[in-house]
There are 2 protein chains.
Amino acid sequence: METKKFLLDEKDIPTQWYNIVADMKNKPMLPIHPATKQPLKPEDLYPIFCEECSRQEFNSTDRYIDIPEEVRDVYRNYRCTPLVRAYGLEKALDTPAHIFFKNESVSPVGSHKLNSAIAQAYYCKKQGITNITTETGAGQWGAAMSYAAKFFGLELAVYMVKISYEQKPYRKSIMQSYGATVIASPSMSTKAGRKIITDDPNYMGSLGTAISEAIELATTVPNCKYVLGSVLSHVSLHQTVIGQEAKKQMEMAGEYPDIVIACFGGGSNFSGIAFPFMEDTLTKGTKTRFIAAEPASCPKLTRGRFLYDFGDEAGYTPLLKMYTLGHNFQPAHIHAGGLRYHGAGTTVSQLIKDGFMEATDIKQLDSFKAAMLFAKAEGIIPAPESAHAIAATIDEALKCKEEGTQKTILFNLSGHGLIDMTAYDSYLSGDLKNYDLSQEDIDKNLETILKLQQK
Amino acid sequence: METKKFLLDEKDIPTQWYNIVADMKNKPMLPIHPATKQPLKPEDLYPIFCEECSRQEFNSTDRYIDIPEEVRDVYRNYRCTPLVRAYGLEKALDTPAHIFFKNESVSPVGSHKLNSAIAQAYYCKKQGITNITTETGAGQWGAAMSYAAKFFGLELAVYMVKISYEQKPYRKSIMQSYGATVIASPSMSTKAGRKIITDDPNYMGSLGTAISEAIELATTVPNCKYVLGSVLSHVSLHQTVIGQEAKKQMEMAGEYPDIVIACFGGGSNFSGIAFPFMEDTLTKGTKTRFIAAEPASCPKLTRGRFLYDFGDEAGYTPLLKMYTLGHNFQPAHIHAGGLRYHGAGTTVSQLIKDGFMEATDIKQLDSFKAAMLFAKAEGIIPAPESAHAIAATIDEALKCKEEGTQKTILFNLSGHGLIDMTAYDSYLSGDLKNYDLSQEDIDKNLETILKLQQK
């Protein structure tokens, strides 16, 4: 009987994160200040982020960065995660491809988000910070941050988009169970929130508003910092524990991936599984294909442009050089809430620009169809986000079948879907649809940004 | 840094189930036919259950029963499960006790129920059965059975209590994702269901009704059998993989439990973790305490009587000699739906009668208080059922603190609570309460049964 699950011990949890920037010939472009157009330095971020994360954000020289023992100690609660050979899926597709997945869904909050939440909470604590704040849309990041804040004894305030707060009470209760304060955004606790409520008492909130509320809190409350769940390079850095473990586990399986696939929102999940393998590409010239699977309704990598743009809807962040659809782009309300982001991290953007990775777009109905096949074949109901990676994997495995080639495909199962069953309920009831985007719509949004660039 | 998680490899999945009945001096009393009062034989169950499960139900001689390779192969999708040293909980309680838990929540459906679902599906398939049927209340068992049926290519019809079907669409969607047909009970698909709907079109169903619909389907449709998720001895037998793994893992930790604790509904989860350790009590005289944690609102072990009673509300099953509150007992609507059962399995009942185990009752609010403490200390939100085991564990750990004794406590975390967040939402909103039962109410129900006994 062949091995299905490749397991590592607690002692195999990586001791360092891999900083791909050190190996990149073309470094990611530096963030610039929207008014002065000057490149930022780490200390420019200190008012918002903790100092260590700010430094990591700009670190382009250290290839490996030590993971503090206190962080590894909390990682031990769920890491190492299993690598699984998807025999069931291979059989269902009748493909000669060997399919593996890294199962990050076994984390206690059900997703990979904890890998960075724990690190960020630790660095805040170490700096003597007592309060942290963040925003959350659907709640995956908020849940992870609540868990991490509890372990390091930090008070956490989560601004949750009001419509999710009211329609998704479960994620709210998860955060509260871990002791976080969850505030429906817009709220009366910030100037930004109060203004919005005064203007429109019935406004149901947006991620942009929640971000501005959280940042306002972080910059006005003493001893309070802001934490973010994706996009930034230090978040991607923390996620590289995924790929480092997977490399060891692929070795146990006696294989090396020809293709590595992950779903793509802001990029940290993709970076987590891909970068440690891409290290081999950059330093040894191995030929692995890296595929980011993004939703067709939010196609910044496949149809966006490489521009300086704001990281948030409201325009409070520095300008970031990235693939973007425009910070004013309003993604359709697909169920993969974690992928509804207009841009991509600067590191990933540079890598795609330089041809080290590619992207594919997946339609909502195709993602759920893939999820159903996977659930029946492997027994795990994936998060709607992860379903995008599964759909891309199935596409590649079927190509192998057509071509009669036996490739090794690795994808990251970033989370399970047990807290997203409303989405499956809608899909099974036939209520879901695809959202088609015309190039005209995309270009219209990008015009705003182009004007901004030319200023 | 001390080890937190004790992991076993796929090859360590037990190769045999442990049949405690072979080691019991006083065997559990045989089920009897309600009309003839004659003890049943395995073949009397063949019209309802598959033959192998029927034989296992009566097997009192074979101490170990081989686990078919096909079953172990599916077990490999999630087993072995981790044993965890609960350092966080120990610290939160400031107790000298060493607390360990077996984490069955990592299964893809989030609970231990799969261990028997897979075995039952396999034996049905092996016998050439094509269709199976079962009932489900909250949906944990239905989800597990849907997963197992899919793996062995069986068609599954799940009768789900109508009120759960409408109020808990998530579990329904999980079952449907695995390909099961889910029918709100009462339904028009059976005589029993049609009669009830005709009598009262607005009736929202009960577990008793769902059981009778499922049994009617199994006995009237060709090539169809019925499967059950707890209470019966063969279900307990299948769950012993939990305790067998835990024994090996406790050995890795260099400890042996002084106390083993599990929550108690029908008994299969308790048996799963306890029986393999109880084997040492029965064969080597070791002195471990075994504690079943039941809800105070459904206290068959602490306040019920040892009688012959029906296994179901409607009185369709054989009479079983067990601790019971009376088959007509209506448990309060606590959120730990899996513990709302009036009786206990015959094997466990005999063991409690003979003093090999004890029981404690936990109030609903205490179970949620314990769950909150555990979530904050260990990072896992437990199923409301498992929270009862946690509350009992906390009680024992605090006793150790008072006495200044360092005992080793092991409990089974039978499932996570991520699909039960409505319950936590209610608790956090202050909407939950305890349900007090007077001895008078209990006795009133037992009178029915006593009359039946005397017939």
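All values reported here derive from a predicted model rather than from experimental measurement.

Trainee: Which parts of the structure should I look at to understand the interface of chain A and chain B?
Mentor: How big an interface is tends to be reported as the loss of accessible area on association of its parts. Listed as interface residues are 45 residues of chain A and, on the opposing side, 45 residues of chain B. Taking both sides of the interface into account, the surface hidden between chain A and chain B amounts to around 4,100 Å²; carbon and sulfur atoms contribute 58%. The interface formed by chain A and chain B holds two salt bridges in total. Ionic pairing is found between A:Asp73 and B:Lys4, a salt bridge with its closest N-O pair at 3.6 Å. Inspection of the region where chain A meets chain B yields 20 residue pairs in polar contact (both at pLDDT 80 or more). Counting only elements with at least two residues in the side of chain A that touches chain B, the list comes to α3 (69-75), α6 (140-151), α8 (169-177), α16 (364-378) and α18 (421-428) of chain A. A total of seven residues in the side of chain A that touches chain B trace back to one element, the largest contributor, which is α8(A).

Trainee: I keep staring at the packing of α18(A) against helix α8 (residues 169-177) of chain B and nothing clicks. Help me out?
Mentor: When two helices pack together, their arrangement is given by the angle between the helix axes and the distance between those axes. Following both chains from N to C, one finds α18(A) and α8(B) inclined at 60°, their axes separated by 9 Å at the closest point. Classified by the angle between their axes, α18(A) and α8(B) sit oblique to one another. The interaxial crossing formed by α18(A) with α8(B) has left-handed handedness. Across the interface between the two elements, A:Met421, A:Thr422, A:Tyr424, A:Asp425 and A:Leu428 of α18(A) pack against B:Pro169, B:Tyr170, B:Lys172, B:Ser173, B:Ile174, B:Gln176 and B:Ser177 of α8(B). Here the contact of α18(A) with α8(B) is composed, by residue class, of six nonpolar, four polar and two charged.

Trainee: What's the story with the side chain of A:Asn77 in this structure? I'm lost.
Mentor: Counting through the fold element by element, A:Asn77 comes out in the loop between α3 and β4 (83-85). Side-chain polar atoms of A:Asn77 contact the side chain of B:Lys4, separated by 3.0 Å. When neighbours within four sequence positions are excluded, A:Asn77 is seen to be in contact with A:Tyr147, A:Phe151, B:Lys4, B:Lys5 and B:Glu378.

Trainee: It is not clear to me how the confidence of the model for chain A should be interpreted in this structure. Could you clarify?
Mentor: Regions with low pLDDT carry predicted coordinates that are not meant to be interpreted in detail. Per-residue pLDDT for chain A has a mean of 94; in total, 99% of the residues score no lower than 70. Predicted complex metrics record ipTM = 0.90 and pTM = 0.94.

Trainee: Quick question: what am I supposed to make of the relation of the copies chain A and chain B here?
Mentor: Between the two copies of the chain lies a relationship made up of a rotation around an axis and a movement along it. At an RMSD of 0.0 Å, chain A and chain B line up after a rotation of 180° and a shift of 0.0 Å along the axis. Considering both components of the superposition, the chain copies are consistent with a two-fold axis. A share of 100% of the interface residues of chain A reappears at the interface of chain B, consistent with the copies meeting face to face through the same patch.

Parameters and conventions
- Residues numbered from 1 in each chain as written.
- Chains lettered and ligands numbered in written order.
- Predicted model: local features only at pLDDT ≥ 70, side-chain atom pairs only at ≥ 80, totals over all residues.
- Heavy atoms only, no water.
- Contact = heavy atoms within 4.5 Å.
- Buried area = accessible area lost by both parts, 1.4 Å probe.
- Salt bridge = Lys/Arg side-chain N within 4 Å of Asp/Glu carboxyl O.
- Polar contact = N/O pair within 3.5 Å; in protein donor to acceptor, adjacent residues only side chain to side chain.
- Helix = DSSP H or I, 4+ residues; strand = E, 2+ residues; numbered from the N terminus.
- Axes fitted to C-alpha atoms, helices over the stretch in contact; angles between N-to-C directions.
- Parallel < 35°, antiparallel > 145°, perpendicular 65-115°, else oblique.
- Left-handed = near helix turned anticlockwise from the far one by under 90°.
- Nonpolar A, V, L, I, M, F, W, Y, C, P; charged D, E, K, R; others polar.
- pLDDT = per-residue confidence, 0-100.
- Least-squares fit on C-alpha atoms with pLDDT ≥ 70 in both.

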